[in-house]
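The residues making up each chain are set out below.
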Amino acid sequence: MKKRPQLKKIILLVSLLSLVIILAGCSNLNAPITSKTPGFWDHYILYPFSWFILKIASFLGNSYGWAIVVFTIIVRIILLPLNHFSTKNMQKQSAIQPELQALQKKYSAKDAETQQTLRQESQKLMSEAGVNPLMGCLPMLIQLPFMYALYQAIFRTTELRQGTFLWMQLGQKDPYYIMAILAGIFTFLATYISNMSMPQSGASGKVMMYVMPLMIMIPALNIASAISLYWVVSNAFQVVQTLILQNPFKARREREAKEAEKREKEKALRRARKRAYRRH
């Protein structure tokens, strides 16, 4: 049951990356971006990115670092509805995990017919619960072209490539690795508080809580500091978004209260059974 949604996610990710690479492959990576630069990727994607960041910088005293910060926040605001629906979808999927696991135990045989039945029953359960297996990774997939376009726009826009912000040159890696460390910390916090709001985060959620920060921090050690800055701001935004929209601390208190109530009911039921047994 779990393999099919994961396979669909992988296929979707590979397809999107392939499309981006194909479009980007038709461009000259060393040529500066201008309004007259030909090619679909360069003219309709990279140039608008470059123009928009430079326009933001013009309102901020030509601070290209702050322009990237504002650009990142704008991107996250645009993606906010999609992230909200994705979070709701993951909460629904987490809530039905016990039922999905019960189906896996019921149809544990490995023959083709049983596995087909398992898939059908699992899909039926997810459909009834309003769960879309692909929705969970969609915000991340949509952000990939933004990051790739931002990366190219920086190197093909002289002002951005040579621009400075705090102690960093935006087109080069952070010499003190501070942004890489902050990117890892905020990624961990974003994953941690997101897991807090899930009814059943499971082992995979705990693994991702430690794997995702490494997947962000390690590349950030050697990538342009502008991209590290994007990751830091993006994940800091995710932390604030989760705290406001999901209120994970309240969700955990309510979940613990329900679990305590359930345990008390089970204890009362066991005591009632013991009393009934003694009478007989």
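Keep in mind it's a predicted model, so treat the numbers as computed, not measured.

> An account of the overall build of the protein chain is needed here, citing residue identities and associated values.
Within the protein chain one finds 12 helices and 2 strands. Sorting the 280 residues of the protein chain into buried and exposed places 38% on the buried side. Accessible surface, the protein chain as shown: approximately 16,700 Å² in total, 62% of it carbon and sulfur.

> Please provide a residue-by-residue account of the UniProt feature "transmembrane region" (unreviewed entry) in the protein chain, values included.
Here the UniProt-annotated "transmembrane region" (unreviewed entry) positions come out as residues 52-82, 134-155, 175-195 and 207-233. From the first C-alpha to the last, residues 175-195 spans 33 Å; its make-up is 86% helix and 0% strand. Here residues 207-233 is 85% helix and 0% strand, with 23 Å between the C-alpha atoms at its ends.

> Describe in detail helix 2 (residues 40-58), supporting the description with residues and values.
Look at helix 2: 26 Å from first C-alpha to last across 19 residues, which is about the 27 Å you get at 1.5 Å a residue. At L46, helix 2 shows its maximal bend, which comes to roughly 35°, and the proline P48 appears one to four places after that position. Along helix 2, the residues classified as buried are W41, D42, L46, F49, S50, I53, I56 and A57.

> Explain unusual backbone geometry to me, using residue names and the numbers behind them.
The phi dihedral of N62 falls on the positive side, at around 60°, and the residue is not glycine. As for its position among the elements, N62 is in the loop between helix 2 and helix 3 (64-78). Judged by its relative accessible area of 49%, N62 falls in the partly exposed class. Positive phi values are uncommon outside glycine, yet L166 reaches one of about 55°. Looking at the element boundaries, L166 is found in the loop between strand 1 (164-165) and strand 2 (168-169). Given a relative accessible area of 62%, L166 falls into the exposed group.

> Please give an account of the packing of aromatic side chains that cites residues and values.
All told, the structure shown has 5 aromatic pairs when counted by the stated rule. Pairing F40 with Y44 gives two aromatic rings, centres 5.6 Å apart and planes at 40°, and the pair type is tilted. Placement of both F40 and Y44 in helix 2 is noted, with a separation of 4 residues, approximately one turn of the helix. By relative accessible area, which is 56% here, Y44 ends up exposed. Ring plane angle 15° and centroid distance 6.0 Å describe the contact between F188 and Y192, whose orientation is recorded as stacked. Separated by 4 residues within a single helix, F188 and Y192 lie in helix 9 (residues 178-196), roughly one turn from each other.

> Account for the packing of helix 2 against helix 3, with residues named and values stated.
Two quantities define a packed helix pair, namely the angle between the axes and the distance from one axis to the other. Look at helix 2 against helix 3: their axes get within 8 Å of each other, and the N-to-C directions meet at 115°. The hand of the helix 2/helix 3 crossing is right-handed. Together, F49, F52, I53, L54, I56 and A57 of helix 2 and Y64, A67, I68, V70, F71 and I74 of helix 3 make up the contact between the two elements. The class makeup of the residues in the contact of helix 2 with helix 3 is 12 nonpolar, no polar and no charged.

> For helix 3, give the residues involved together with the corresponding values.
With 15 residues, helix 3 should reach 21 Å at 1.5 Å per residue; the first-to-last C-alpha distance of 21 Å fits that figure. For helix 3, the complete set of buried residues consists of Y64, G65, A67, I68, V69, F71, T72, V75 and R76.

> Would you mind going over the nonpolar core in detail, with residue names and values included?
With 38 residues, the main nonpolar core has I53, F71, L150, I227, L229 and W231 as its most contacted residues. Put simply, the parts of the chain that give this core at least two residues each are helix 2, helix 3, helix 7 (138-155), helix 9, helix 10 (202-220) and helix 11 (225-245). If one sorts the elements of this core by residue count, helix 11 sits on top with 7 residues. Among all residues touching L229, those that are not within four sequence positions of it are G65, I68, V69, F165 and M179. Counting residues in hydrophobic clusters, the runner-up holds 8 residues, among them L103, Y107, M126 and V131.

> Please give an account of the packing of helix 5 (residues 97-106) against helix 6 (residues 112-129) that cites residues and values.
Look at helix 5 against helix 6: their axes get within 10 Å of each other, and the N-to-C directions meet at 165°. Regarding the angle of helix 5 to helix 6, the classification is roughly antiparallel. Where helix 5 crosses over helix 6, the two elements pack in a sense that is right-handed. Between helix 5 and helix 6, the residues in contact are E99, L100, L103 and Q104 and L118, E121, S122, L125 and M126, respectively.

Conventions used here
Residues numbered from 1 in each chain as written. Predicted model: local features only at pLDDT ≥ 70, side-chain atom pairs only at ≥ 80, totals over all residues. Heavy atoms only, no water. Helix = DSSP H or I, 4+ residues; strand = E, 2+ residues; numbered from the N terminus. Buried < 20%, exposed > 50% of the residue type's maximum accessible area, 1.4 Å probe, protein only. Areas by Shrake-Rupley, 256 points an atom, 1.4 Å probe, with all protein chains shown as cover. UniProt positions renumbered as here; feature names shortened; annotations may be inferred. Expected span 1.5 Å × (residues − 1). Bend = angle between axes of the 7 residues up to and from the residue. Phe/Tyr/Trp six-rings, centres within 6.5 Å; stacked < 30°, edge-to-face > 60°. Axes fitted to C-alpha atoms, helices over the stretch in contact; angles between N-to-C directions. Left-handed = near helix turned anticlockwise from the far one by under 90°. Contact = heavy atoms within 4.5 Å. Nonpolar A, V, L, I, M, F, W, Y, C, P; charged D, E, K, R; others polar. Core = buried A, V, L, I, M, F, W, Y, C linked by side-chain atoms within 4.5 Å. Parallel < 35°, antiparallel > 145°, perpendicular 65-115°, else oblique.

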